[in-house]
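Here is how the chains run, residue by residue.
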Amino acid sequence: HSTDLSFPHPFILRWGGCDRARTQAVVDGRSSSPGDATPRLQYLLEPLHTAVHTQRGATATLPCVLRALPRNYRVKWSKVEPANYGESVIIITNGLYHKNYGPLSPRVRLRHSHRYDASLTITNVALEDEGRYRCQLVNGLEDESVSLTLHLEGVVFPYQPSNGRYRFNYHEAKRACEQQDARLATYQQLYKAWMEGLDWCNAGWVLDGTVHYPIINSREPCGGRLLLPGIRSYGAKDKQRDRFDAFCFTSALQGEVYFIRGHLSFKEAGQACRNHGATIAKVGQLYSAWKFLGLDRCDGGWLADGSVRYPITTPRQRCGGLPEPGVHSFGFPRKELRTYGTYCFVGT
């Protein structure tokens, strides 16, 4: 339902002046007024868990439950947008009616399992839905809120184009990841990938416009042997002028990746997939099939960007001899070369 409840219409709420002070005074749902040694919520229940884990394509619910219904209240859901220091309004309700805002509008609803329930349900979760959300009770001067984080399970992979490393400015890196069924990884996603074993010597952009590279085995070409393992950082760089690789992130696959044998050129590989009612797989789709479906093949195959790769879940001597599982690459061979098969993708 929707009706005119004199809801504010701004899609982006800027943090400035009084709004910023109010935002800083209500962090993770707890009031921080001076002298309040034990801050408590009056109307909103503290969530048992502030992180919700999900996958692309799933339905996720961010909990927000009231312990009592104040007079003339509203509940406002928003998504924190670090890139522009603001919040995107998603939905506002007064308990009887609600109004949706912004690009999430078609995929969100209030759970409303009972009259105290203002939880937000997101259907068909997309890669860009990951992040921090805020459920705010607007009740005159007694506003309070809880913050929750939506985490997507996924995989981070380094990416560079066919013409070599350090070719992307920020906007080109962002577009390149999107073309490979992925998005630029967040710093937190890159950090988690490093914790799980990602070791890569080339620096790449992440979503907030900073540049990093993850090192597990310290070595001379990668900052030297004396530096401890970790995320090496170049900090924020010029998004137009500076050029690096990209760290992309993708989540669960909405379809299937399979291999077609043959000695195919790149053009023939694309046609072979189309003959089966499929498309040639993208790099992110191959990583997703490896991560979530356990795809394991010793055969190099063409992908949509012109690279040749193969996914290994169980390392063995005859499959490149590399000791670590992963998606391994033969780079970008000449497209006329008839040496490889192809990986195809068919959606569900």
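Calculation notes
- Residues numbered from 1 in each chain as written.
- Predicted model: local features only at pLDDT ≥ 70, side-chain atom pairs only at ≥ 80, totals over all residues.
- Heavy atoms only, no water.
- Helix = DSSP H or I, 4+ residues; strand = E, 2+ residues; numbered from the N terminus.
- Pairing = 2+ DSSP bridges.
- Axes fitted to C-alpha atoms, helices over the stretch in contact; angles between N-to-C directions.
- Buried < 20%, exposed > 50% of the residue type's maximum accessible area, 1.4 Å probe, protein only.
- Arc of directions from axis to C-beta.
- Contact = heavy atoms within 4.5 Å.

Draft legend 1. Quick look at the environment of Asp 129. By the secondary structure assignment, Asp 129 is in the loop between strand 10 (120-122) and strand 11 (131-138). The sequence separation of Asp 129 and Leu 152 amounts to 23 residues, and the corresponding C-alpha distance is 8.4 Å.

Draft legend 2. Geometry of the sheet that holds strand 10. Here three strands make up an open sheet; going across it, the order is 5-10-9 and the pairing antiparallel. A single partner strand is all that each edge strand has here, and the edge strands are strand 5 (60-62) and strand 9 (108-110). Within the sheet, the average angular offset between the axes of one strand and its neighbour, ignoring direction, is 25°. As defined by bridge partners, strand 5 adjoins strand 10 across three bridges and the pair is classed as antiparallel.

Draft legend 3. Structural view of the environment of Gly 140. By the secondary structure assignment, Gly 140 is in the loop between strand 11 and strand 12 (144-152). Classification of Gly 140 as exposed rests on a relative accessible area of 52%. Expressed as a C-alpha distance, the spacing of Gly 140 and Asn 72, which sit 68 residues apart in the sequence, is 8.6 Å.

Draft legend 4. Structural detail: helix 4 (residues 266-275). Of the residues making up helix 4, those classed as buried are Phe 266, Ala 269, Gly 270, Ala 272 and Cys 273. In an axial view of helix 4, the angular spread of the buried residues amounts to 160°, which keeps them on one side of the axis. Along helix 4, exposed side chains directed more than 90 degrees from the buried face belong to Lys 267 and Asn 275. The elements touched by buried residues of helix 4 are strand 19 (255-264), strand 20 (279-280), strand 21 (301-302) and strand 24 (340-347).

Draft legend 5. The side chain of Ser 265, seen in detail. By secondary structure assignment, the location of Ser 265 is in the loop between strand 19 and helix 4. Beyond its immediate sequence surroundings of up to four residues, Ser 265 is in contact with Trp 302, Lys 335, Glu 336, Leu 337 and Arg 338.

These figures capture arrangement, not role.
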